[in-house]
Amino acid sequence: MASLLNLGNIMRKILFLSLIMLLLISHVHADTEVRPTITVSYAVEPQALMPGDTGTVTVELKNMAVTSDVYIKEEDKTFRMNAYVASVNLGGTTDIKVLDGAQTNLGLLGPGDYTKVTFNIQADKNISDGLHYLTLEVVGGSNMYSLTYRIPIKIDSRNVNLIVSDMPSTAMQEYSILNVNVVNLRPNEIKSVIVQPSGSDITFTPSSAFVGTIAGGNNSTAKLTLNTVSSSIGNKNLQLYATYYNGDNLHKSNIANYTLDVVNRSSLILSGIELTGMGTYNVKGSINNFGTTDAKNVMLSVIDTKNVTPIEPKGKYFVGTLGSDDESSFELSASVINDASSIPVLIEFRNSNNAYTAIKQNISLGSMYSNTNSNSSVNSGLVSFFIFASIALLAAGVGWLIFKSWKKHKKVE
Amino acid sequence: MNKTLEVLTDPDSFFAKKIKEEIDFKPPLLIIGLIMILGAIAGYISVSTIMSTMASNSPNMGAAYSFGIVGSIIGAILSAILGWLIISGIFHLISSIFGGNGQFSRVLEFTAYGFLPSVFGSVIGIILTYLLFNSIDMTSMSNPENISQLIIKNPYSIASSLVGLVFTVWSANIWIHGIKYARNLTFSNALKTVGIPVVIYLLVQLISLIMAFV
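If you're wondering where the values come from, they're calculated on a predicted model, not measured in any experiment. (Residues numbered from 1 in each chain as written. Chains lettered and ligands numbered in written order. Predicted model: local features only at pLDDT ≥ 70, side-chain atom pairs only at ≥ 80, totals over all residues. Heavy atoms only, no water.)

**Let's talk about the confidence of the model for chain B**
Detailed conclusions should not be drawn from predicted coordinates in areas where pLDDT is low. All names here are of chain B. Confidence in the prediction for chain B averages 83 pLDDT; 84% of positions are at 70 or higher. Per-element confidence in chain B is highest for helix α5 (residues 104–113), whose mean pLDDT is 93, and lowest for helix α7 (residues 144–152), whose mean pLDDT is 64. Reported confidence for the predicted complex is 0.83 by ipTM and 0.53 by pTM. (pLDDT = per-residue confidence, 0-100. Helix = DSSP H or I, 4+ residues; strand = E, 2+ residues; numbered from the N terminus.)

**Remarks on the interface of chain B and chain A**
The interface is formed by 32 residues belonging to chain B together with 29 residues belonging to chain A. Buried surface at the junction of chain B and chain A, summed over both partners, amounts to about 2,700 Å²; 70% is from carbon and sulfur atoms. There are 2 residue pairs in polar contact (both at pLDDT 80 or more) connecting chain B and chain A. Of all the elements in the fold, those that place two or more residues in the side of chain B that touches chain A are α1 (2–9), α2 (11–18), α7, α8 (155–182) and α9 (187–211) of chain B. Of the residues forming the side of chain B that touches chain A, the biggest block, 14 residues, is contributed by α8(B). The class makeup of the residues in the side of chain B that touches chain A is 19 nonpolar, 8 polar and 5 charged. (Contact = heavy atoms within 4.5 Å. Buried area = accessible area lost by both parts, 1.4 Å probe. Polar contact = N/O pair within 3.5 Å; in protein donor to acceptor, adjacent residues only side chain to side chain. Nonpolar A, V, L, I, M, F, W, Y, C, P; charged D, E, K, R; others polar.)

**Observations concerning the sheet that holds strand β27 (residues 327–336) of chain A**
All names here are of chain A. Read from one edge to the other, the open sheet built from 4 strands follows the order β22-β23-β27-β25, with strand pairing classed as antiparallel. Two strands in the sheet have a free side with no partner beyond their single neighbour: β22 (268–276) and β25 (308–310). In this sheet, adjacent strand axes meet at a mean angle of 35° when their direction is disregarded. For β22 and strand β23 (residues 280–289), the ladder comprises 7 bridges, and the chain directions are antiparallel. Within β23, the residue paired with S271 across the bridge is S286. (Pairing = 2+ DSSP bridges. Axes fitted to C-alpha atoms, helices over the stretch in contact; angles between N-to-C directions.)

**Focus: the side chain of A:S405**
Its location among the elements puts A:S405 in helix α3 (residues 380–412). Owing to a relative accessible area of 1%, A:S405 belongs among the buried residues under this scheme. At 2.8 Å, the side chain of A:S405 forms a polar contact with the backbone oxygen of A:I402. Once you skip the residues sitting within four places of it in the chain, A:S405 turns out to touch B:T9, B:P11, B:N173 and B:H177. (Buried < 20%, exposed > 50% of the residue type's maximum accessible area, 1.4 Å probe, protein only.)

**Notes on the sheet that holds strand β6 (residues 83–91) of chain A**
Residues and elements named next belong to chain A. Pairing in this open sheet of 5 strands is mixed, and the strands run β2-β11-β10-β6-β8 from one edge to the other. In the strand order of this sheet, the two ends are held by β2 (48–49) and β8 (103–109), each with one partner. One ladder, built from 2 bridges, connects β2 with strand β11 (residues 147–155); its direction is parallel. Counterpart to A48 in the pairing with β11 is K154.

**Quick look at the side chain of A:S176**
For A:S176, the position within the fold is in strand β14 (residues 175–184). The residues touching A:S176, leaving out its near neighbours within four places in the chain, are A:L224, A:T225, A:L226, A:T292 and A:T293.

**Structural notes on empty space enclosed by the protein**
Using the criterion set out here, one finds 2 cavities of 30 Å³ or more in the structure. Empty space within the largest cavity amounts to approximately 60 Å³. (1 Å grid on protein atoms, 1.4 Å probe; cavity = no way out; pocket = protein on both sides within 12 Å on 5 of 7 lines; lining within 4 Å. Points joined across faces, edges and corners; volume = space filled by probe spheres on them.)

**Overview of a nonpolar patch on the surface**
Residues and elements named next belong to chain B. A contiguous nonpolar surface patch, about 880 Å² in accessible area, is contributed by Y44, V70, I73, I74, I77, L78, I81, L82, L85, I86 and I90. Ranked by residues supplied to the nonpolar patch, first place goes to helix α4 (residues 62–97) with 10 residues. Within the secondary structure, L82 is located in helix α4. (Patch = residues over 30% accessible without salt bridge, like charges linked within 9 Å, V, L, I, M, F, W, Y side chains within 5 Å. Areas by Shrake-Rupley, 256 points an atom, 1.4 Å probe, with all protein chains shown as cover. Salt bridge = Lys/Arg side-chain N within 4 Å of Asp/Glu carboxyl O.)

**Quick look at the layout of surface pockets**
Residues and elements named next belong to chain B. Estimates place the volume of the largest pocket at around 1,100 Å³. Residue assignment for the lining of the largest pocket shows that the elements contributing at least two residues are α3 (26–57), α4, α6 (116–135), α8 and α9. With 11 residues, the single largest contributor to the lining of the largest pocket is α8. Of the residues assigned to the lining of the largest pocket, the class counts are 23 nonpolar, 16 polar and no charged.

**Overview of a negative patch on the surface**
A cluster of acidic residues, A:D294, A:D325, A:D326 and A:E327, forms a negative patch on the protein surface. With respect to the helices and strands, the residue A:E327 is situated in strand β27. (Lys, Arg positive; Asp, Glu negative; His and termini not counted. Charge placed at Lys NZ, Arg CZ, Asp CG, Glu CD.)

**Looking at the packing of aromatic side chains**
Enumeration according to the criterion identifies 10 aromatic pairs over all chains in this entry. Centroid distance A:Y175 to A:F349: 6.3 Å. Interplanar angle 85°. Geometry classified as edge-to-face. With a gap of 174 residues between them, A:Y175 in strand β14 and A:F349 in strand β28 (residues 342–350) connect regions that are remote in the sequence. The exposure class of A:Y175 is buried, given its relative accessible area of 5%. Plain terms: the ring middles of B:F167 and B:W170 are 5.7 Å apart, the flat faces sit at 25° to each other, and that makes the pair stacked. Of this pair, B:F167 and B:W170 both sit in helix α8, separated by 3 residues, roughly a single helical turn. For B:W170, a relative accessible area of 10% translates into the label buried. Members of the aromatic cluster, connected to one another through ring pairs, are B:F14, B:F15, B:F110 and B:Y113. (Phe/Tyr/Trp six-rings, centres within 6.5 Å; stacked < 30°, edge-to-face > 60°.)

**Here we look at the pairing of strand β29 (residues 356–364) of chain A**
All names here are of chain A. Side chains of β29 alternate between two faces, with T357, I359, Q361 and I363 buried and Y356, A358, K360, N362 and S364 left unburied. Sheet analysis places β28 next to β29, joined by 9 bridges and oriented antiparallel. Within β29, the residue paired with R350 across the bridge is Y356. Two successive antiparallel strands, β28 and β29, enclose a turn made up of 5 residues, where N354 displays a positive phi of approximately 65°.

**A look at the packing of α8(B) against α9(B)**
All names here are of chain B. Between α8 and α9, whose axes approach to 8 Å, the crossing angle comes to 165°. In terms of orientation, α8 and α9 fall into the roughly antiparallel class. Relative to α9, α8 is oriented so that their crossing is right-handed. Of the residues in α9, those touching α8 at S161, L162, L165, T168, V169, A172, W175, I176, H177, I179 and K180 are F187, A190, L191, T193, V194, V198, Y201, L202, Q205, L206 and L209. In terms of residue class, the contact of α8 with α9 is built from 16 nonpolar, 5 polar and 1 charged. (Parallel < 35°, antiparallel > 145°, perpendicular 65-115°, else oblique. Left-handed = near helix turned anticlockwise from the far one by under 90°.)

Now the structure itself:
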């Protein structure tokens, strides 16, 4: 009942006199009659139906009389102002069925009293857009006349559209924020709107986003986080659609299709690497947030492998929050066995949704040396080669001396 | 001095002449003394670097620092003397099995000459030790296990071990000729006398070097 009253702007109220008359007092003839005044109003929910939708038509009948009896002095007659409603009937059409029959014997409506009668209706799947009319028939009894009225039902098949205005055509292996605009083209409000994203080799957070109610001719935005951190390189197809209720009818919006090219680039990159030492390396450099979203709780650590051992306390380096386009310096230490060509570094962080992510990057020992301008950097490969070549020469020299001494000894013998 | 250096290039001729002379411990003591000094220098560099790192990470390490330095110097002296005596004793014992005869003092004298390559080896060892500790940033390390792992796996440390092995082979060649004369052995028996302990030592050293990387 209360919902009917809340329909405010969609309720078209009609007021008319169903039965005549008010007070015909004095100077009247003996056949004077006084009848109650009834108002009839209705509401259709949803305001506009889509083909195949079910809805309700609620009719309210109200006795507008203010007193229970009216006394006519000249006639010395008292008239009862109760209104008797014999039946209310809503007639359907070929395109709109009324699922309930006529409601009879509604009884007496006292002065100021009202009653509401609700009918379930269903639009045909092939119904055309526009206004369709149902026939309302109120049959009065006793001192009340009957009436017939046409109730317009609006049919509108326009669906909801999704638009992603900031959809990138290319994405790195990163987190991206997508603003999904849910556009309600319909004249009436839609409820319980939920945006559903999907795609292969990509994930979304949240997996579906609740938008709520969107007024007619309006739009609302859902914010989604697109995760391509672990995606393989190449084109990805992603689809977006929304589910919503038009009245009590569940509908699915038009599907929005997009193509996204994932490129081989992480959002957190290491730059300006300087390596010092030999055997044990001190790694200094910068970590840069190349992506479009903030990275929280960023921490770098040397991965402990067969050939590389982190050296505490510089085995790990906590950076903290790294905003988009932000950078921070870091320092790590690792012990490296001769045949290791790189130092594996694990970069751990949380995205704006607090989701944990870890990416691995290698700091190449060879290439980084050649790139660095640090005077203290030593080419470990060259030095090692020099050292072990010298040992080989030494061993050859000693071998030659031993061979010579043995040869001489044999001659003497 | 030039006569002494002949042992490096022509040990057989050197000991053939030396056996005819009276036992003279001056050159052997000089060689062992040099080994002691060089060993003490290498020990000082190693221990002072490690101890100063540990002292900077934890206060109240002053006493331990001094003890470590003194300990490393005493350790170098003792290991040189004991090494000389033990190796001489082993050669004397094994040569007895092969019918060797001769004074232990002569074995001591001749064995000491075999340490002469180690003098050069120690000089190279000091240079490599210096380079080793200069290549390691130990200021950030407090865990002794990390330090030892770091030292063992360092290329300079590996190079130092390999140089030690090469000079041991050189020493073994001198010892073969020295023991041959000192214990009046055939070349073959002298080779066995020296070869058995030296090969065992070399194998142990090589295995421990390989095991450090497994």
